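Each chain, written out:
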Amino acid sequence: MKNIILCGFMGCGKSTIGRKIANKTEKEFVDMDRYIEEKAGMTVSEIFEKYGEERFRELETEACKELSEKSGLIIASGGGTLTYQRNIDILKKSGRIVYIDVKYEMLCKRLKRDTRRPLLQVENRNAVIKELLKKRRPIYEKAASIYVDGNFTSGRVADIVIGIIQY
Ligand code: S3P
């Protein structure tokens, strides 16, 4: 049985939705950021700070490789994971990629007080979100085989995804 990989922008709800899907379908849930943190013994912020973004991206690709060797997982990828073609290639082979699309205004609201995401610790946070979203949206759309409107509660989005993947 293949994996289900959730992708989308930071704050789109990948982890919350993924956990709900896993609970309801009795599958194992893996949050890629937490997986990387556990392996590295430090937080994503600490990895960025100590070794830089490039090193984090290498660890992310390692995680993609390791997780794609397993099956039956519900995986929440990081917001930047699918922006690397090498990761798309690995993850596509291991399962179905679901894009959770959430509108800009909602993302800004959800990410307003974030302190955990290194890319957002800037003064002009909303402008960075806008710029990144513009770049990434077409990439997520292209990488995913399933598109889901994520502008609902996490429970409702989880049910929508379950409806599609069980079909
Ligand atoms: C990132 C998203 C984060 C995390 C890291 C980089 C990105 O994951 O992997 O801070 O480039 O969008 P979430 O989407 O789970 O916040």
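Residues numbered from 1 in each chain as written. Predicted model: local features only at pLDDT ≥ 70, side-chain atom pairs only at ≥ 80, totals over all residues. Heavy atoms only, no water.

Is there a simple way to think about the overall build of the protein in this case?
Each helix and strand counted, the protein has eight helices and five strands in total. Listed by position from the N terminus, the elements making up the protein come as β-α-β-α-α-α-β-α-β-α-α-β-α. Over its C-alpha trace the protein gives a radius of gyration of 15 Å, about what one expects of a compact globule, namely 15 Å for 167 residues. On the principal axes, the C-alpha backbone points of the protein span a range of 45 × 35 × 25 Å. Counting every position in the protein, which comprises 167 residues, the buried fraction comes to 48%. If you take every contact in the protein between residues at least 6 apart in sequence, the share linking residues at least 24 apart comes to 74%. For the protein, the accessible surface area stands at approximately 9,000 Å², while carbon and sulfur atoms represent 49% of it. (Helix = DSSP H or I, 4+ residues; strand = E, 2+ residues; numbered from the N terminus. Rg over C-alpha atoms; globule rule 2.2 N^0.38 Å. Buried < 20%, exposed > 50% of the residue type's maximum accessible area, 1.4 Å probe, protein only. Contact = heavy atoms within 4.5 Å. Areas by Shrake-Rupley, 256 points an atom, 1.4 Å probe, with all protein chains shown as cover.)

I would appreciate a short explanation of the packing of helix α3 (residues 44-51) against helix α4 (residues 53-68) in the present structure.
Each pair of packed helices gets described by two things: the angle between the helix axes and the distance between those axes. Viewed as axis vectors pointing N to C, α3 and α4 meet at an angle of 130°, and their least axial separation amounts to 7 Å. Looking at the two axes, α3 sits oblique to α4. Contacts from V44, I47, F48 and Y51 of α3 reach α4 at E53, R55, F56, R57 and L59. The residue makeup of the contact of α3 with α4, split by class, is six nonpolar, no polar and three charged. (Axes fitted to C-alpha atoms, helices over the stretch in contact; angles between N-to-C directions. Parallel < 35°, antiparallel > 145°, perpendicular 65-115°, else oblique. Nonpolar A, V, L, I, M, F, W, Y, C, P; charged D, E, K, R; others polar.)

Help me out: how do you make sense of the site of the ligand in this one?
Taken together, 13 residues surround the ligand, and among them K14, D33, R57, R117 and R136 come closest. Between the ligand and the protein, one listed contact pairs an oxygen atom with a backbone N or O atom of G79 at 2.8 Å. A total of 380 Å² of accessible area belongs to the ligand in isolation, and the protein chains cover 95% of it. In terms of residue class, the shell around the ligand is made up of five nonpolar, three polar and five charged. (Near = heavy atom within 4 Å. Polar contact = N/O pair within 3.5 Å; in protein donor to acceptor, adjacent residues only side chain to side chain.)

How should the nonpolar core be read in this particular structure?
What tends to happen in soluble globular proteins is that the nonpolar side chains get buried as a cluster. Counting residues in each nonpolar core, the largest one holds 53 residues, and the members touching the most others are F9, I21, M32 and L82. Discounting residues that sit within four places of it in the chain, M32 has contacts with E60, A63, C64, L67, I75, A76, S77, G78, T81 and L91. (Core = buried A, V, L, I, M, F, W, Y, C linked by side-chain atoms within 4.5 Å.)

Any chance you could explain the pairing of strand β4 (residues 95-101) here in plain terms?
On a regular strand, one side chain projects to one face of the sheet and the next to the other, so that they alternate. Counting buried positions along β4 yields six of seven residues, so the element is predominantly enclosed. Judged from the five bridges that link them, strand β1 (residues 3-7) and β4 form a sheet pairing that is parallel. Bridge pairing links L6 to V98 in β4. Where β4 lies against strand β5 (residues 146-149), four bridges are found, and the strand directions are parallel. Counterpart to I100 in the pairing with β5 is V148. (Pairing = 2+ DSSP bridges.)

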